[in-house]
Structure formats: structure tokens, C-alpha cells
Amino acid sequence: MSRRLLRLVCTAAVAAGALLAPSPAVAVPDPAPEAGAAVAEPGQRSAASLLTDLQRLYRDTERATEKYNATAEKLKKQRAEVTRLDTGLAKARLSLHDSRGAAGRLARQQYQSSGEISSYVRLLLARDPQHALDEGHLIGQLSLERAETVQRVAGSEKKTDALARAARKALDGQLALAERQKKERDDVRKRLDGVERLLASLTVDQLAELDKFEKSGAAEAQKKFMASGALSSERPPSREGAEALRYAVRQIGKPYAWGAEGPKSYDCSGLTSQAWQRAGHPVPRTSQEQWAELPRIPLSELRPGDLVVYFPEATHVALYAGDGMVVQAPRPGAKIKVSPIAANPLLGAVRPDPGEKPLRHYTPPRLPQGATDGSSQGYSSAP
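If you check an unreviewed UniProt entry, the protein appears there as NlpC/P60 family protein from Streptomyces sp. R35.

Structure, rendered in C-alpha cells:
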């Protein structure tokens, strides 16, 4: 983000008296006007219209970010596989070299003894038949060793060829993933540019109105959700869940950054995956994988540490903190904070450790001053 743009947005925010830090990192497709339709200038549009467009842009950014994260995770595993295969190939080639050396020595021995009398004739002419039999046994052993050496050479060659093919294929896969990751990174940056352009086009009054309108909508959504009885009486977390939540709370105030897994910044699933990793219970990296692979639970059974997933495509995720609140890394330009659970459209919840029993005694972690927000935290431009 250019200094001029940063100055533009921040000046507008301060003048509006709004705390500029976006609500949950959500991504949405760029608003595309119908063919032939006139596009209204920002100054002619309502706060509802502007909020819809901005939330769509954030949701689109989040979707692109999670796609990038998934590819980055695959690339990390692919690189590890390439390293493993390369190591195995080097060992196989060394083994093949040794096997071929042994085969060469046996071939020379065979050549050097090819003019000697056969062991059968030697046995017939021997003064000491027992000694000749012992020699024959030794010769038989040498023949067996020759056969085993030949088999070992053939096996080493086959294994080396297979590993070489697998290594080439794995490297091709790594290069393809790296190229895909670059395209997805460019897509995220494009989405962020769209957010910056829209925010930079807004006036001081529009920023203030937008902030007020969103907070009002989020507060109303939370009120309806809590009144619906969807959340039942509070349940204590498991030991791992409590530790994951404590870790997330310690990150409050750190900035959102797409693709980040800490320790200085996080995106939404970077925070949730690292929290559970630090609790000793690894979970998938992206919000879509967390929703698809972890056991789902009813919202009425939520306990602190569970993961709350948002939007139809599972593009955003947060940790349940209790009392209808979640800890989340919201969106570009925001900081990790505590928000109402209904601040974004709920998809459902998953529990990383369904088999673990809840703690008998649990004390919720103390939240830093100013960590809890009634809705969102206003708007700022993407970094």
C-alpha cells in the first residue's frame, strides 16, 4: 500500500473518530455490475451498498488466501517428498555401485579359475577325498554367493531406476505447485488492490457511516442468535482446548497477514492451526480442510477451543472463547481480537479433540484490555 493511500485512509478514519481495524477476514467475489448498467459513484451509494461490496471483496480475498494456503501446504509436503526420494536415490546408487564392484570381483575370480580341473575330477583323483569334499563345499558356497550377488545387482538396478523415475515425477509436481502458488499469490494481491481502491474512494463521512452501519448489523445479528437458544449452557474445554484458547488469546493485538502462521502475524486459519499445534494436537492448515476433516458438532455443544467456521464455502474460521464470543484473525488490515460469534454468517463448528474429556475445573484466560469488540472494529485499507 502506497504511503499516499495509507495517509488517505488513516486521515479519513481519524477524522471520523472510528477505530480502523476490519472485521473478520472474509472473502467475497468482486461486485460485478450487470451488462449495460451504470455504476454508481461511491458518493452516490448507501452505506448498505458499500458494505455489501466491501464484504464481498474481503470474502474474495479470504477465499483466495485459503486457496493459496492449501497450495503452500501441498508444496511443503512435496518438497519433503522430493528430499526423501533424493536421499533414497543417493543411497540406492551407492548400493548399486558396491554391488557392481562385488560382481566384478566375482567375474575376475571366475575367469582366473576357468582353466582349472573341475571339482568332480579333483574329487576322483584326490588322495584325501574328505579334503576334496570340503573344497567342493567351499566352491559350492562361492557359486551361491555369485548367484546372490547377481540378484543383488539386478535388484539394486531396479530399485535405483524406480527411485529415479519417482524423484523426477516428484520434482515435476513440485515445480507445478510452485507455479500454481505464484498465480494464487498474485490473485490475493489483486483482491487486496480492489479493497484498497474502494476504501481510498470513500469520504470521511462514508467511512464513519460504514463503521456505524456494520457495528449495528453485527450487534443485531448477535442479539438474535443469542435469543434463539442456539447456544446452551456453557461447557468447560478439554485440556488441549483450553491450551489452544490460551495461545490464541496471547496473540490478541497482532496483525492479520494473509498466508501467515505466526509468530508476528496470522491469517484466520493460521491462528487456529497454530493454536492447536501448540496445544499438542495438530489440525489441518486451512479453514476448508478443518471443516471437511475435523468432527462436526452442534453449536449447542460448543466448548472453548472448538473451531467455529463461517460462510458457505468455509472461508473463515475462529476459536470459540465462551459466552458467545470467538477469538479470530479478522481480515487484511485488522488485528487479532475477540468478536461476537454471529459477527459473520455461521456455517457450523468442529472439534479437534472429540474424545477428550472436559476439565473439571476451568478458569477462562484473562483478555487484554480493549480486546473485546461489540461487533467489528471499523475499516482500514489492506496492507
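Resuming the write-up.
Undergrad: Just checking my understanding: could you explain the overall build of the protein for this structure?
TA: A count of helical and extended segments in the protein gives 8 helices and 6 strands. Here the protein holds 383 residues, and the buried ones make up 43% of them. In the protein, 78% of the contacts between residues at least 6 apart in sequence involve partners at least 24 apart. If you sum the accessible surface of the protein, you get close to 20,500 Å²; carbon and sulfur atoms cover 53% of it.

Undergrad: Even after reading the chapter, I still don't get the side chain of E66, so can you show me in this structure?
TA: Within the element layout of this structure, E66 appears in helix α2 (residues 47-112). Despite its burial, E66 pairs with no opposite charge; the closest candidate is R285, at 4.7 Å N-O. Within polar-contact distance, the side chain of E66 engages the side chain of S269 at 2.9 Å. A polar side-chain atom of E66 sits 2.6 Å from the main-chain amide nitrogen of S287.

Undergrad: Whenever I open this one, the sheet that holds strand β6 (residues 346-350) confuses me. Can you help?
TA: The strands making up a sheet associate through hydrogen bonds between their backbones, and the pairing can be parallel or antiparallel. With respect to topology, 6 strands assemble into an open sheet ordered β1-β6-β2-β3-β4-β5, the strand pairing being antiparallel. Both edges of this open sheet fall to β1 (296-297) and β5 (337-340), since each of them pairs with a single strand only. Here 4 bridges tie strand β4 (residues 325-328) to β5, and the two strands are oriented antiparallel to one another. The residue of β5 that forms the bridge with V326 is S339. Helix-sheet contacts for helix α6 (residues 239-250) involve β3 (316-322) and β4, and the interaxial angle to β3 is about 105°. Each of β2 (307-310), β3 and β4 is contacted by helix α7 (residues 268-278), which is oriented at about 50° to β3, the strand it contacts most.

Undergrad: Which parts of the structure should I look at to understand the nonpolar core?
TA: Nonpolar side chains tend toward joint burial in soluble globular proteins. One finds L271, L307, L319, V327 and I336 to be the most contacted residues of the largest nonpolar core, which totals 27 residues. Mapped onto this core, the elements with two or more residues apiece are α6, α7, β2, β3 and β4. Apart from the residues lying within four places of it in its own chain, the contact partners of I336 are A248, Q251, I252, G253, K254, Y266, L271, V327, Q328, A329 and P330.

Undergrad: Explain the packing of aromatic side chains to me, please; I cannot follow it from the model alone.
TA: Enumeration according to the criterion identifies 0 aromatic pairs in this entry. Lying across the ring of W291, R296 places its NZ or CZ 3.8 Å from the centre.

Undergrad: Explain α7 to me, please; I cannot follow it from the model alone.
TA: Since the α-helix advances by 3.6 residues per turn, residues separated by three or four positions end up pointing in the same direction. Counting buried residues in α7 gives 9 out of 11 residues, a clear majority hidden from the surface. Positive phi shows up at G280, right after α7, with a value of about 85°.

Undergrad: How should unusual backbone geometry be read in this particular structure?
TA: With glycine set apart, most residues show a phi of negative sign, and most peptide bonds adopt trans. The residue after G262, namely P263, is reached through a cis peptide bond having omega 0°. Mapped onto the elements of the fold, P263 is located in the loop between α6 and α7. Notably, A314 is not glycine yet its phi reads approximately 55°, a positive angle. Tracing the sequence through the fold places A314 in the loop between β2 and β3. Not every positive phi belongs to a glycine, and D323 is a case in point at roughly 55°. By the element assignment, D323 lies in the loop between β3 and β4. On the basis of relative accessibility, which here comes to 65%, the residue D323 falls in the exposed class.

Undergrad: Which parts of the structure should I look at to understand the environment of P340?
TA: Here P340 is to be found in strand β5. Taking the C-alpha atoms as reference points, P340 and M226, separated by 114 residues in sequence, lie 9.9 Å from one another.

Undergrad: What's the story with the pairing of β4 in this structure? I'm lost.
TA: Sheet faces and side chains relate simply in a regular strand, where the side chains alternate between the two faces. Across the two faces of β4 the burial is the same, with M325 and V327 and V326 and Q328 all buried. Pairing of β3 with β4, which is carried by 3 bridges, proceeds in the antiparallel orientation. Each bridged residue has a counterpart across the sheet, and for L319 the counterpart in β4 is V327. What sits between β3 and β4 in their antiparallel hairpin is a turn of 2 residues, with D323 showing a positive phi close to 55°.

Undergrad: I keep staring at the UniProt feature "coiled-coil region" (unreviewed entry) in the protein and nothing clicks. Help me out?
TA: When the UniProt feature table is mapped onto this chain numbering, "coiled-coil region" (unreviewed entry) sits at residues 58-85. Across residues 58-85 one finds 100% helix and 0% strand; the C-alpha atoms that close the span lie 40 Å apart.

Undergrad: Whenever I open this one, the packing of α6 against α7 confuses me. Can you help?
TA: When two helices pack together, their arrangement is given by the angle between the helix axes and the distance between those axes. Two elements in contact, α6 and α7, have axes whose closest approach is 8 Å; the angle formed by their N-to-C orientations is 130°. Looking at the two axes, α6 sits oblique to α7. Considering the relative orientation of α6 and α7, their crossing is right-handed. Between α6 and α7, the residues in contact are E240, G241, E243, A244, Y247 and A248 and L271, Q274, A275, W276 and R278, respectively.

Undergrad: Even after reading the chapter, I still don't get the pattern of salt bridges, so can you show me in this structure?
TA: Oppositely charged side chains are able to pair whenever their charged atoms sit close together. Under the defined criterion, the tally for this structure stands at 7 salt bridges. Note that R250 is salt-bridged to E243, the shortest N-O span being 3.8 Å. Through salt bridges that share partners, E243, R246 and R250 make up one connected network.

What counts as what
Residues numbered from 1 in each chain as written. Predicted model: local features only at pLDDT ≥ 70, side-chain atom pairs only at ≥ 80, totals over all residues. Heavy atoms only, no water. Helix = DSSP H or I, 4+ residues; strand = E, 2+ residues; numbered from the N terminus. Buried < 20%, exposed > 50% of the residue type's maximum accessible area, 1.4 Å probe, protein only. Contact = heavy atoms within 4.5 Å. Areas by Shrake-Rupley, 256 points an atom, 1.4 Å probe, with all protein chains shown as cover. Lys, Arg positive; Asp, Glu negative; His and termini not counted. Salt bridge = Lys/Arg side-chain N within 4 Å of Asp/Glu carboxyl O. Polar contact = N/O pair within 3.5 Å; in protein donor to acceptor, adjacent residues only side chain to side chain. Pairing = 2+ DSSP bridges. Axes fitted to C-alpha atoms, helices over the stretch in contact; angles between N-to-C directions. Core = buried A, V, L, I, M, F, W, Y, C linked by side-chain atoms within 4.5 Å. Phe/Tyr/Trp six-rings, centres within 6.5 Å; stacked < 30°, edge-to-face > 60°. Lys NZ or Arg CZ within 6 Å of the ring centre and 35° of its normal. UniProt positions renumbered as here; feature names shortened; annotations may be inferred. Parallel < 35°, antiparallel > 145°, perpendicular 65-115°, else oblique. Left-handed = near helix turned anticlockwise from the far one by under 90°.

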